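This is what each chain is made of:
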Amino acid sequence: MSALRAAAQQCRGCPLYANATQAVFGEGALKSEVMLVGETPGDQEDLAGAPFVGPAGKLLDRALDEAGIDRQTTYVTNAVKHFKWRARGTRRIHDKPSWSEIMACRPWLESELALVKPRALVLMGATAAQSLLGKSFKVTQERGKPLDSELADVVVATIHPSAVLRAENREEMFDGLVRDLRVVARSFAR
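For every chain, the first residue of the written sequence is number 1, and numbering continues from 1 along that sequence. Predicted model: local features are reported for residues with pLDDT of at least 70 only, side-chain atom pairs are reported and counted for 80 or more only, and whole-chain, interface and lining totals are derived from all residues. Calculated side-chain values reflect all of the structure's heavy atoms, with hydrogen atoms and water omitted.

### Examining the sheet that holds strand β3 (residues 74-78)
- The pairing criterion is simple: DSSP has to find at least two bridges between the two strands. Helix numbers and strand numbers start at the N terminus; a helix is a DSSP run of H or I with at least 4 residues, a strand a run of E with at least 2. As summarised here, the arrangement of the five strands in space is β1-β3-β2-β6-β7, forming an open sheet in which the pairing is mixed. Lying at the two open borders of the sheet, with one neighbouring strand each, are β1 (27-28) and β7 (154-158).
- Together, β2 (34-38), β6 (120-124) and β7 form the strand contacts of helix α5 (residues 126-133), whose direction differs from that of β6 by roughly 125°. The contact rule is simple, with two residues in contact once any of their heavy atoms fall within 4.5 Å. Convention adopted: a line fitted to C-alpha atoms gives each axis, helices being fitted over their contacting stretch, and angles between N-to-C directions are expressed from 0 to 180 degrees.

Given below as C-alpha cells:
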C-alpha cells in the first residue's frame, strides 16, 4: 500500500494533478472489513493529504457512529485522487470530475480494493458508484440496498456526506445516510 500511495503522487493520468496540492490516497486499516469510497478529495483533504477530514468527513464520522460502524476499523478512499475545483473568489470550490478523469483513477481504486479485500463496500455518491458499477448506475434508485456485485460480499450505494451538508432537509438526509450504513452494519451482526 505504501508503494501505491507513493506512486499516486506521481500520477499524470489526467490533468487534475496540475491544480491539486497532492494526490489524496486512501487510508485506514489495511485489512478492513468495510471500505468506504467517496467521490474526490475536497479543499481540506487536498491540503491535508488525507480523505474525509473536512466537514463531510466529520459528518461521515457521526453517521458511522450512529450506524454502529467504527471508522477506525474501516478503509476510506475516493474514486478520484486529485481535487478538482474552480475558483469562487478566494475559495476553491469542488467541481464534479469528468468520466475520463474518473476512469484515469480507476486503476488506483482497483488496486486499493485488491489489497484491502473488504467484505463490505460502501459507494458514497454517484461518482463513486458509477466508477465501479458503470456509468448508468443511479444511486437514487438503488441506495441502501445490497447490490449483486463481485466487488465484495456486501456492496451498498448511498449518498455522499457532502449532499447532506448542501441539503435543506439535512436531518432527513442524514437519517437516510445512517439507515443505508446500517445495512452494512447489520450484515456483520449475523
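### Concerning the pairing of strand β5 (residues 91-94)
- Two strands pair when backbone bridges link them, and strand β4 (residues 85-88) and β5 are joined in this way by four bridges, in the antiparallel orientation. Considered in β5, the bridge of R88 is made with R91.
- Between β4 and the antiparallel strand that follows it, β5, lie two residues; G89 among them carries a positive phi value of about 70°.

### Brief notes about a negative patch on the surface
- Within this analysis, patches are made of residues with over 30% relative accessible area and no salt bridge. Like charges are joined at 9 Å or less; nonpolar side chains (Val, Leu, Ile, Met, Phe, Trp, Tyr) at 5 Å or less. Where accessible areas are quoted, they stem from the Shrake-Rupley method and a 1.4 Å probe; at the residue level, only the protein chains shown are allowed to cover. Throughout this description, the term salt bridge denotes a Lys or Arg side-chain nitrogen within 4 Å of a carboxyl oxygen of Asp or Glu. Positive charge is attributed to Lys and Arg, negative charge to Asp and Glu, and no charge count is given to His or to the chain ends. Charge coordinates come from a single atom per side chain, which is NZ of Lys, CZ of Arg, CG of Asp or CD of Glu. A grouping of D65, E66, D70, E171, E172 and D175 is seen on the molecular surface, where their side chains present a negatively charged patch.
- At the level of secondary structure, the elements contributing two or more residues to the negative patch comprise α3 (55-67) and α8 (170-189).
- One can find E66 in helix α3.

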